[in-house]
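Coordinate inspection notes
Below, each chain spelled out in residue letters.
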Amino acid sequence: MKITRVILIVLGLAGLFLGALIMVQKERPDQIVGVVVWIVAAIIVHDGILSPLLLLLDVWMRRAGRRIPFGVLAIIQGGVVVGAIMSMLVLPEIYKKSLGTKNPTILPLDYGLNLALFWAGVAVLTAAACVVYLRRRRASASASSASIG
């Protein structure tokens with residue numbers, strides 16, 4: 001396990017170095033500054049907003065876990081994480097579209113509506129997964145109680 005971790009870290013650092021080298025060689029300084037600003041903003045949004053919200057949600061769900069099965073909690077947490085990751089990917093497009101572009105074909109979609117529809121889809125699929133989980137859990141519990149009795 002330790003050697004695998006070292007290999008993955010070395011590969012990750014090599015990828016970062018190669019990407020930075022290519023970016024410095026091919027991009028203008030103002031574009032590099034834009035990338036740095038985007039990375040800093042992503043870190044602030046992730047560490048300052050999303051992580052604390054997910055932590056609060058996790059604490060609340062674990063307290064509710066006395067009444068809610070662990071599998072349901074895990075499914076809901078997975079849905080929230082998928083939605084948060086997609087939001088991190090789409091929020092820059094929403095912001096840029098609000099500023100406007102010189103070429104209307106660059107950002108042609110309604111990204112805010114699409115993100116809302118994505119969250120609705122995640123909510124529906126998460127609820128469906130919870131229902132399937134609970135039904136299978138009930139079926140296995142009734143099958144095991146029938147075999148005992």
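Note that the structure is predicted; figures quoted are calculated from it, not measured.

1. With respect to the overall build of the chain
- In terms of helices and strands, the chain carries 4 helices and 0 strands.
- Traced from its N-terminal end to its C-terminal end, the chain shows the element sequence α-α-α-α.
- The C-alpha atoms of the chain give a radius of gyration of 22 Å, which is well past the 15 Å a tight globule of 149 residues would have.
- The principal-axis extents of the C-alpha atoms in the chain amount to approximately 75 × 45 × 25 Å.
- Buried positions account for 14% of the 149 residues belonging to the chain.
- Restricting the contact set of the chain to residue pairs at least 6 apart, pairs at least 24 apart contribute 58%.
- A total accessible area of about 11,500 Å² is found for the chain, and carbon and sulfur atoms account for 74% of it.

2. Here we look at the layout of surface pockets
- By volume, the largest pocket is sized at about 290 Å³.
- As for the largest pocket, its lining consists of W38, A41, A42, V45, M88, L91, P92, E93, Y95, K96, L99 and L107.
- Counting residues per element, the ones that place at least two in the lining of the largest pocket are helix 2 (29-64) and helix 3 (70-99).
- Taken together, the residues of the lining of the largest pocket break down into 10 nonpolar, no polar and 2 charged.

3. Some words on the side chain of T126
- Here T126 lies in helix 4 (residues 111-148).
- Among residues more than four places away in sequence, those in contact with T126 are I75, I76 and G79.

4. Focus on the confidence of the model for the chain
- With 96% of its residues at a pLDDT of 70 or more, the chain has an overall mean of 88.
- Mean pLDDT values over the elements of the chain span from 85, in helix 2, up to 94, in helix 1 (residues 2-26).

5. Description of the environment of A143
- With respect to the helices, strands and loops of the structure, A143 is situated in helix 4.
- Overall, the relative accessible area of 45% leaves A143 in the partly exposed class.

6. Re the pattern of salt bridges
- This structure, assessed with the given rule, holds 1 salt bridge.
- Taking the shortest distance from any N to any O, the salt bridge between R28 and D30 comes out at 3.1 Å.
- Given a relative accessible area of 48%, R28 falls into the partly exposed group.

Criteria and cut-off values
Residues numbered from 1 in each chain as written. Predicted model: local features only at pLDDT ≥ 70, side-chain atom pairs only at ≥ 80, totals over all residues. Heavy atoms only, no water. Helix = DSSP H or I, 4+ residues; strand = E, 2+ residues; numbered from the N terminus. Rg over C-alpha atoms; globule rule 2.2 N^0.38 Å. Buried < 20%, exposed > 50% of the residue type's maximum accessible area, 1.4 Å probe, protein only. Contact = heavy atoms within 4.5 Å. Areas by Shrake-Rupley, 256 points an atom, 1.4 Å probe, with all protein chains shown as cover. 1 Å grid on protein atoms, 1.4 Å probe; cavity = no way out; pocket = protein on both sides within 12 Å on 5 of 7 lines; lining within 4 Å. Points joined across faces, edges and corners; volume = space filled by probe spheres on them. Nonpolar A, V, L, I, M, F, W, Y, C, P; charged D, E, K, R; others polar. pLDDT = per-residue confidence, 0-100. Salt bridge = Lys/Arg side-chain N within 4 Å of Asp/Glu carboxyl O.

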